[in-house]
Amino acid sequence: MSNNLHLFKNTIFDGASLEEAKSAIIMTHGRGDDSSKMQDLVKSLNITVETAIIYPIATNSTWYPKGFMEDWSENQPWLDSALENLEAIIKYLNKKGISNDKIFLLGFSQGACLTLEYVTRNAQKYAGIAILSGGLIGPHIEKSNYSGDFERTEIFIGCSNIDHHIPEKRLHESEAAVKPMGAKVDKRVYPGMDHIICEDEIQKVNEMLTTI
């Protein structure tokens, strides 16, 4: 256990009420954000009125203190707490009657890394996964951390080839890790792009959202 450094009670719930929602999207923010950027992004997404929108909130606007490719121990206990927080949110949605195959997960930057790390440790059928400027966490891909079967869940990975936070190599390594676990991967590397979410990524996410 990680002493609940990140608190479920800080989570923001928007969109359809959980009593009426037929699906959900979890939008996990990056370092230095308080979900404001995710709440701006949602205005560009085609989310149905039957979809609950969930914004996890990191304590002090940071899910873990150091870079995502540092040794796992360097980011503890914050990393474990962040993973546990996502787990708590998904279990809460399950309890409200929204199964994992109706849950879409999206993350940007540090939130993208956290999202991909969580789903790969807990691979199963999800509604879809969008990883915007992120990759699996750790100094190398430790396959023993990961288990399950994505059952053809689509995972979109989008990032610049010169992103100063995310080396292009880690994008390819992440794809290579999730593909054998049953993921259907769409990886797009954008030449010269800044550390941002581009229009092509938004269009792709909207295409994915039509399936939930």
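The structure under discussion appears in the preceding block.
Residues numbered from 1 in each chain as written. Predicted model: local features only at pLDDT ≥ 70, side-chain atom pairs only at ≥ 80, totals over all residues. Heavy atoms only, no water.

> Sorry, what's going on with the environment of Glu117 here?
Topologically, Glu117 is positioned in helix H3 (residues 110-121). A relative accessible area of 0% means that Glu117 is categorised as buried. In sequence terms Glu117 and Gly134 are 17 residues apart; their C-alpha atoms lie 9.7 Å from each other. (Helix = DSSP H or I, 4+ residues; strand = E, 2+ residues; numbered from the N terminus. Buried < 20%, exposed > 50% of the residue type's maximum accessible area, 1.4 Å probe, protein only.)

> Help me understand the pattern of salt bridges in this model?
If the charged atoms of two oppositely charged side chains come close together, the side chains can form a pair. Throughout the structure, instances matching the rule amount to 14 salt bridges. Salt-bridge contacts for Lys22 lead to Glu50; the nearest nitrogen and oxygen are separated by 3.5 Å. Linking Lys22 in the loop between strand S1 (12-15) and strand S2 (23-28) with Glu50 in the loop between helix H1 (36-41) and strand S3 (51-55), this pair joins segments that are 28 residues apart in sequence. Lys22 sits in the exposed class, given a relative accessible area of 55%. Between Lys91 and Glu87 there is a salt bridge; the shortest N-O distance is 3.9 Å. Separated by four residues within a single helix, Lys91 and Glu87 lie in helix H2 (residues 78-95), roughly one turn from each other. (Salt bridge = Lys/Arg side-chain N within 4 Å of Asp/Glu carboxyl O.)

> Looking at this structure, I do not really get the sheet that holds strand S5 (residues 128-132). What am I missing?
Across a sheet, paired strands are connected by hydrogen bonds in the backbone, their directions being either parallel or antiparallel. Here we have seven strands laid out as an open sheet, ordered S1-S3-S2-S4-S5-S6-S7, and mixed in their pairing. Edge positions in the sheet fall to S1 and strand S7 (184-190), since each of these pairs with one other strand and no more. The average angle at which neighbouring strand axes cross in this sheet is 15 degrees, direction not considered. Relative to strand S6 (residues 154-160), S5 is paired through four bridges, and the arrangement is parallel. Of the residues in S6, the one forming a bridge with Leu132 is Gly158. Running over the sheet, H3 touches S2, strand S4 (103-108), S5 and S6 and is turned about 140 degrees from S4. (Pairing = 2+ DSSP bridges. Axes fitted to C-alpha atoms, helices over the stretch in contact; angles between N-to-C directions. Contact = heavy atoms within 4.5 Å.)

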